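Structural description and commentary
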Amino acid sequence: MGRTDRPRGALRRRGPAGGGGIIAEDHGRRVHEVDRAAVLGFVTQFNEGLDVTRENRQFLYRVVRHLAEEEGIRQFLDMGSGLPTQANVHQVAQRFQPDAHVVYVDSDPIVLAHGRALLSAESTTVIQADMTDPGDVLAHPEVRRLIDFDRPVAALFLSVAHSIPDDEQVRGMFAATADALVPGSFLAMSQFVGADRETADSHTAKATEMGLVWKTRTVEDFRPLVPDLEPVPPGLVDVADWRPDPDQPPPATVDAPLQPFLGAAGENKQVKEFGGVLRKS
């Protein structure tokens, strides 16, 4: 799922370097009918997937709100952003920091085309680049135009690591990005994890059968990939448990064919999005 919500959505077929393909979302995204069919196929295989991706979308809102409102962050890099949907990073950030600058980064040319059509403000842009090559991303002229790397930046890797099966590539992506940012900056990340090894491997196998480049990890797999930075409480957790707020804006209504899958995660959640926010001191 990438931000298969992606899936920030709901479904992302990536190339070997995190490149693009079909992207769709379970709610709110501008997608084609073939993409909607792909999302439906995914949640049919993984019934809890719809709930989990919606939880990740809510997590995105709370993370960006916290960083903008409480930490005073005015610069955001949204890595592997997917197509624009509701409550995008720039919309949340600029609600609390009106002068916030946001760069969306995705390797899919479809994202570039749609993003440029929808994002017209001088303070927000979208670029086509591979998030697994942070050096290339950070050197991009549009990134340099909007982001001042002498000041704190928030780099968001939300619901993307599971679309990169190579552990060392994920570790390097996080580490290189963190190394390039000044103290006072933040990294936020989340990824699909299974309740145990068997569940994670089964989830990965089914996604691979569907043609996705995918790796559902366990919590124990994911933690060593994360840089040794200061966790913002409550640390790395099920994203539904990261500073939950019953009063935050609700996610968009899902399409009718997907509505039967709402609530499928229930109390026996075998797969979840696991993540949090880290501060560079």
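Residues numbered from 1 in each chain as written. Predicted model: local features only at pLDDT ≥ 70, side-chain atom pairs only at ≥ 80, totals over all residues. Heavy atoms only, no water.

Overview of the overall build of the protein chain
Basically, it comes down to this: Labels follow the DSSP assignment, with helices taken as runs of H or I lasting at least four residues and strands as runs of E lasting at least two, numbered in each case from the N terminus. Each residue is assigned to one of three classes by its accessible area relative to the maximum for its type, calculated with a 1.4 Å probe on protein chains only: buried under 20%, partly exposed between the two thresholds, exposed over 50%. We get accessible surface area from the Shrake-Rupley algorithm with a probe of 1.4 Å; when it comes to residues, only the shown protein chains can shield them.
Helices and strands together make up the secondary structure of the protein chain, namely 9 helices and 10 strands. Expressed as a percentage of its 281 residues, the buried residues of the protein chain come to 57%. Approximately 10,900 Å² of the protein chain is accessible, and the part contributed by carbon and sulfur atoms is 51%.

A closer look at the confidence of the model for the protein chain
Low-pLDDT stretches of the model should not have their predicted coordinates read in fine detail. Note the following rule: Scored from 0 to 100, pLDDT reflects the predictor's confidence in each residue. Two residues qualify as a contact provided that any one of their heavy atoms is within 4.5 Å of a heavy atom in the partner residue.
With 85% of its residues at a pLDDT of 70 or more, the protein chain shows a mean pLDDT of 85. Low confidence marks residues 1–32, where pLDDT is under 50. Its contacts with residues over four positions away, or in another chain, come to 166 contacts.

Some thoughts on the side chain of Q97
Following the sequence through the fold, Q97 ends up in the loop between α3 (89–96) and β4 (101–106). The exposure class of Q97 is buried, given its relative accessible area of 10%. Setting aside its immediate chain neighbours within four residues, Q97 contacts A68, G72, I73 and R74.

Remarks on helix α8 (residues 197–209)
Definition in use: One fewer than the residue count of a helix, multiplied by 1.5 Å, yields its expected span. Regarding the arc, it is the one traced by the directions from the helix axis to the C-beta atoms. Whenever a nitrogen or oxygen atom comes within 3.5 Å of another N or O atom, the pair is scored as a polar contact, on the condition that within protein one atom can donate a hydrogen and the other can accept it, and that pairs from neighbouring residues in sequence are kept only if both atoms are in side chains.
Between its terminal C-alpha atoms α8 stretches 18 Å, which fits the 18 Å expected from 13 residues at 1.5 Å a residue. Among the residues of α8, those classed as buried are T199, A200, H203, T204 and A207. The buried side chains of α8 occupy one side of the element, clustering within an arc of 130° when seen end-on. Exposed side chains of α8 directed beyond 90 degrees from the buried face belong to E198 and E209. Where the residues of α8 are buried, they touch β7 (186–194) and β10 (271–279). Sitting at the amino-terminal end of α8 is D196, which places a side-chain oxygen 3.3 Å from the backbone nitrogen of E198. Within two residues after α8, G211 carries a phi angle of roughly 95°, on the positive side.

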